[in-house]
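# Coordinates in review
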Amino acid sequence: MVDKGVLRRQFASEWQKHYQLETLTSKGFQRKQCAKCQRFFWSLVPDCTTCADSECMGYEFIGHRTKNFTYVETWKNISKYFTHDAPVKHTEIKRFPVVSRWRDDLYFTNASIIDFQPYVVTGQVEPPANPLIVPQMCLRFNDVGNVGVTGRHNTGFVMFGQHAFNTEKTGLFYWKNEALEHDYQYLTQVIGVKPEDLTFQEEVWAGGGTFGPSIEYAAKGAELGNCVFMQYEELEDGSSRELKTKVIDMGAGLERLAWYTTGTPTSYDTAYGNVIRNMKRNTGVHLEDELFTRYAKISGLLDMEEGNVKQKRIEIARQLGMDEQELFTRIGSLQALYAVCDHLKTILYTCTDGQLPSNVGGGYNLRLLLRRVFGFNAEYAFNLDYGKILGDHVKELKGFDDSLQEGLQTAIDVIAEEQKNYNALQDTGRKKMSVLVERLKKEQKPLAKKELVTLYESHGIPYELATDIAKKSGVQVEEVFDFYENISVKNEKKKEKKDQLAFWNIEVANGQEVKETEQVYYDKLYDNEFDATVLNIDVTSSSKNSPFGFIVLDRTLFYPTGGGQDHDVGTINEIPVFDVIKKQKWIAHQVKKEDAAKLNIGQKVKGHIDRKRRENLMHNHPATHLLNAMCRKVLGPHIWQAGAQKSPEKAHLDVTHYKKITDEEIKQIEKLVEEHVHKKIPVHKFVVSRTEAEQKYGFRIYQ
């Protein structure tokens, strides 16, 4: 993996090549170095010495309105610029689900570019439009402790994505200058940023084997966006080369853009609008406007990721002329209310898109959010009506994301069930907490991080509630400001699957580029044999302890493992095939190394598949879809396939549901499935492009 530190130094030394853009220089922007963070940036102000990052100047835009847009109005005006007023017209597409089922490595969509990975970015699939914009709802759980505190962090936020895909077909039609010109124009024309307040910071980006320069932009302490130029790919030997498809990946937080237009103390006041206003009114939570505004301007210092949070709290209190303990006790209830508002919006989105709280995978982080909600509600005696708050979120986003109405009742039911389970867990947890507190008092020891983690993971007691109980009992507490970051980020990504072909240069054989494998199994579904030519052979790059190698053919009847369905088996020139793996546009057949060595590149071969195994797999696959449909009919519209396995012997299905399925419901599902089987409904197969399928059938195709 490329080292970002090394990359920064390299690109900084080549700044004329990567960052000296006509869009900036033609307007009079000059390159400077920030006296505080030492990063290089571009500004119109001749004597400017600091960039506009919040760490370097605080939230100076607070208290200053530009356009005073609501959250939804902000998007509508951005959309109007890009789709109607911009020199290059962009197409607006609908958001993708927050549950990234089309990706094997992520539970949740955490950036707008995820919508187009891997196939559009690699050039295998045409983008739905080019260039395009998308208001993509994203979920991130590595900042949970920051939510409500810094004024700018969320677990759920809309990333305004601006994307262009420069392929061999399109040529370099929309690159650095074009992208940055549009960003400059919408920031100054739509958001109302004064050009002299705007700075463009030089940065780098790397991920997934690709990297490139990026330019972040900010104004008066507000970090407004980041334009990434996906330009290079990293090769196995550590060298790099230019990507065939160069991608513009600009992401900007809609919450921050709307916030900048209003200048409210926090982004939550703008982004949540009537939702947070109603919550404040119903709970009576209020803080003196003058004090909170002064606090809000410097609250960005409290980013948990940056460390030294305790010292930063003390420094903020000192600047406000207050005691640290007194200050954060007074603002604690308001910060909690902001966090609850954020967390419930995230739960509304995940319930709408088919991911429910659980103890495993992505559901773990959702349960964590709800435990925080329940803990805050108890700690501050808010007496919150969760259904009312969820309904207010739906109303606030009407005309922007009407899909949330479909998930509203599910979200209400899920939270009620989670609250019931949480209350039951608390009965034993509080008893455990009471015994622990008494022991710590006798031993004169503080409540430590290890015990706080155990209280949460084993007894469901949130950090805030545990520390509150301990302090009221006279026990000191080890303050762990990054508590949730430590226990949540490990569950944000799926466990990476071991790629058996990771170290094999499958693309090149004998110095020639290997053409893609023709997938004959789609058109010759009932054939048993086929003729093919060997394109590539691997007998060395697999694990030294592995007895297997791989063969790539120009065409194949062998169906590779995918979609939860097992692969075909059979023979190639009577050589047994044990596994079939698809990697990008190639299909590799696993055979023993000594057998692979018997073949040569360019050799004609004959393949044969196990027909009986194929028939069993073909029967079990649609049966799984039928079972899924009947579960949805009996249990409700929130049912999504969460996992499936189709083998020749049986099929297995996991579905999303928030409580135990009753025996009666199981009988009803079985009855409906049997009825449909006996109808002998014909199954028709047809193939369409990914974009057409998504637009016509929605994202339930990823089941």
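Heads up: the structure comes first, above all this text.
Structural notes, computed from the coordinates. (Residues numbered from 1 in each chain as written. Predicted model: local features only at pLDDT ≥ 70, side-chain atom pairs only at ≥ 80, totals over all residues. Heavy atoms only, no water.)

## Details of the overall build of the protein chain
The secondary structure content of the protein chain amounts to 22 helices and 22 strands. Its C-alpha atoms give the protein chain a radius of gyration of 28 Å, near enough to 27 Å, the size a compact globule of 703 residues would have. Along the first, second and third principal axes, the C-alpha set of the protein chain runs to 85 × 70 × 50 Å. With 703 residues in all, the protein chain has 55% of them scored as buried. Considering only contacts in the protein chain between residues 6 or more positions apart, those separated by 24 or more positions represent 69%. Working note: accessible area of the protein chain is about 32,200 Å², and carbon and sulfur atoms make up 49% of it. For the protein chain, the separation between the mean place of its 93 positive charges and that of its 97 negative charges on side chains is 2 Å. (Helix = DSSP H or I, 4+ residues; strand = E, 2+ residues; numbered from the N terminus. Rg over C-alpha atoms; globule rule 2.2 N^0.38 Å. Buried < 20%, exposed > 50% of the residue type's maximum accessible area, 1.4 Å probe, protein only. Contact = heavy atoms within 4.5 Å. Areas by Shrake-Rupley, 256 points an atom, 1.4 Å probe, with all protein chains shown as cover. Lys, Arg positive; Asp, Glu negative; His and termini not counted. Charge placed at Lys NZ, Arg CZ, Asp CG, Glu CD.)

## Thoughts on helix 6 (residues 176-191)
Counted at 1.5 Å a residue, the expected span for helix 6 with its 16 residues is 22 Å, and the 21 Å between its end C-alpha atoms agrees. Counting buried residues along helix 6, 12 of its 16 residues qualify, which places the element largely inside the surrounding structure. Directly beyond the C-terminal end of helix 6, a positive phi value near 90 degrees is found at Gly-192. (Expected span 1.5 Å × (residues − 1).)

## Thoughts on the packing of aromatic side chains
As enumerated under the stated definition, the model contains 40 aromatic pairs in all. Taking 6.0 Å as the distance between ring centres and 80 degrees as the angle between the ring planes, the aromatic pair formed by Phe-530 and Phe-558 counts as edge-to-face. You can see Phe-530 sitting in strand 13 (residues 529-538) and its partner Phe-558 sitting in the loop between strand 15 (555-556) and strand 16 (570-572), a full 28 residues away along the chain. Overall, Phe-530 belongs to the buried group, its relative accessible area being 5%. What links up through ring pairs into an aromatic cluster is the set Tyr-268, Tyr-272, Phe-292, Tyr-295, Phe-328 and Tyr-338. Just above the ring of Phe-40 sits the side chain of Arg-31; from NZ or CZ to the centre is 3.8 Å. Positioned above the aromatic ring of Tyr-456 is the side chain of Arg-371, whose terminal nitrogen or guanidinium carbon lies 5.0 Å from the ring centre. (Phe/Tyr/Trp six-rings, centres within 6.5 Å; stacked < 30°, edge-to-face > 60°. Lys NZ or Arg CZ within 6 Å of the ring centre and 35° of its normal.)

## Brief notes about the environment of Val-552
Checked against the element boundaries, Val-552 lands in strand 14 (residues 548-553). We classify Val-552 as buried; its relative accessible area is 0%. In this structure the C-alpha to C-alpha distance between Val-552 and Tyr-702, which are 150 residues apart in sequence, comes to 27 Å. Beyond its immediate chain neighbours, meaning those up to four positions away, Val-552 contacts Trp-504, Ile-506, Thr-517, Thr-533, Val-534, Leu-535, Asn-536, Trp-586, Ile-587 and Ala-588.

## Topic: the sheet that holds strand 9 (residues 240-253)
The strand order 1-2-6-7-8-9-5-4-3 describes an open sheet built from 9 strands, whose pairing is mixed. If you trace the sheet from one side to the other, it starts and ends with strand 1 (30-33) and strand 3 (91-92), each paired once. The sheet contact formed by strand 5 (residues 156-166) and strand 9 spans 8 bridges and is antiparallel. Considered in strand 9, the bridge of Phe-165 is made with Val-247. Contacts from helix 1 (residues 4-13) reach strand 1, strand 6 (198-207), strand 7 (210-219) and strand 8 (222-234) within the one sheet, and its direction differs from that of strand 6 by about 130 degrees. (Pairing = 2+ DSSP bridges. Axes fitted to C-alpha atoms, helices over the stretch in contact; angles between N-to-C directions.)

## Let's talk about helix 14 (residues 386-396)
Among the 11 residues in helix 14, 8 count as buried, and that is most of the element. Listed in full, the buried residues belonging to helix 14 are Tyr-386, Ile-389, Leu-390, Gly-391, Asp-392, His-393, Val-394 and Glu-396. In the core, the buried residues of helix 14 are packed alongside helix 5 (71-85), helix 9 (273-283), helix 12 (324-353), helix 13 (361-379) and helix 15 (404-443).

## A short note on the packing of helix 5 against helix 6
Contact pair helix 5 / helix 6: the axes reach a minimum separation of 10 Å and the direction vectors enclose 135 degrees. Comparing the axis directions of helix 5 and helix 6 gives the class oblique. The two elements helix 5 and helix 6 meet at a crossing, and its hand is right-handed. In contact with Thr-74, Asn-77, Ile-78, Tyr-81 and Phe-82 of helix 5, helix 6 contributes His-182, Asp-183, Gln-185, Tyr-186, Gln-189, Val-190 and Ile-191. Residues of the contact of helix 5 with helix 6, tallied by class, amount to 6 nonpolar, 5 polar and 1 charged. (Parallel < 35°, antiparallel > 145°, perpendicular 65-115°, else oblique. Left-handed = near helix turned anticlockwise from the far one by under 90°. Nonpolar A, V, L, I, M, F, W, Y, C, P; charged D, E, K, R; others polar.)

## Details of the pairing of strand 13
Where burial is concerned, most of strand 13 is hidden: 7 out of the 10 residues are buried. With 5 bridges joining them, strand 13 and strand 20 (residues 604-609) adopt antiparallel strand pairing. Across the sheet, residue Asp-531 finds its bridge partner in strand 20, namely Lys-606. The pairing of strand 13 with strand 14 spans 4 bridges and is antiparallel. Bridging from a neighbouring strand, Ile-537 pairs with Ile-551 of strand 14.

## Things to note about the nonpolar core
Counting 139 residues, the largest nonpolar core has Ile-78, Phe-160, Tyr-186, Phe-200 and Leu-447 as the members making the most contacts within it. Broken down by element, the residue count for this core peaks at 15 residues, all from helix 12. Residue contacts for Ile-78: discarding those within four places in its chain leaves Phe-160, Tyr-186, Val-190, Ile-191, Leu-254 and Leu-257. Formed by 24 residues, the second largest nonpolar core is a distinct cluster that contains Ala-129, Trp-205, Leu-243 and Val-247. (Core = buried A, V, L, I, M, F, W, Y, C linked by side-chain atoms within 4.5 Å.)

## So, the pairing of strand 8
Taken together, the 8 bridges between strand 7 and strand 8 define a ladder with antiparallel strand orientation. Across the sheet, Glu-216 pairs through a bridge with Asn-226, a residue of strand 8. Two successive antiparallel strands, strand 7 and strand 8, enclose a turn made up of 2 residues, where Lys-220 displays a positive phi of approximately 50 degrees. Relative to strand 9, strand 8 runs antiparallel, the two being bridged by 8 bridges. Its bridge partner being in strand 9, Glu-234 is matched across the sheet by Ser-240. In textbook terms, the turn of a hairpin is the stretch between consecutive antiparallel strands, and for strand 8 and strand 9 this stretch comprises 5 residues, one of which, Gly-238, has a positive phi near 95 degrees.

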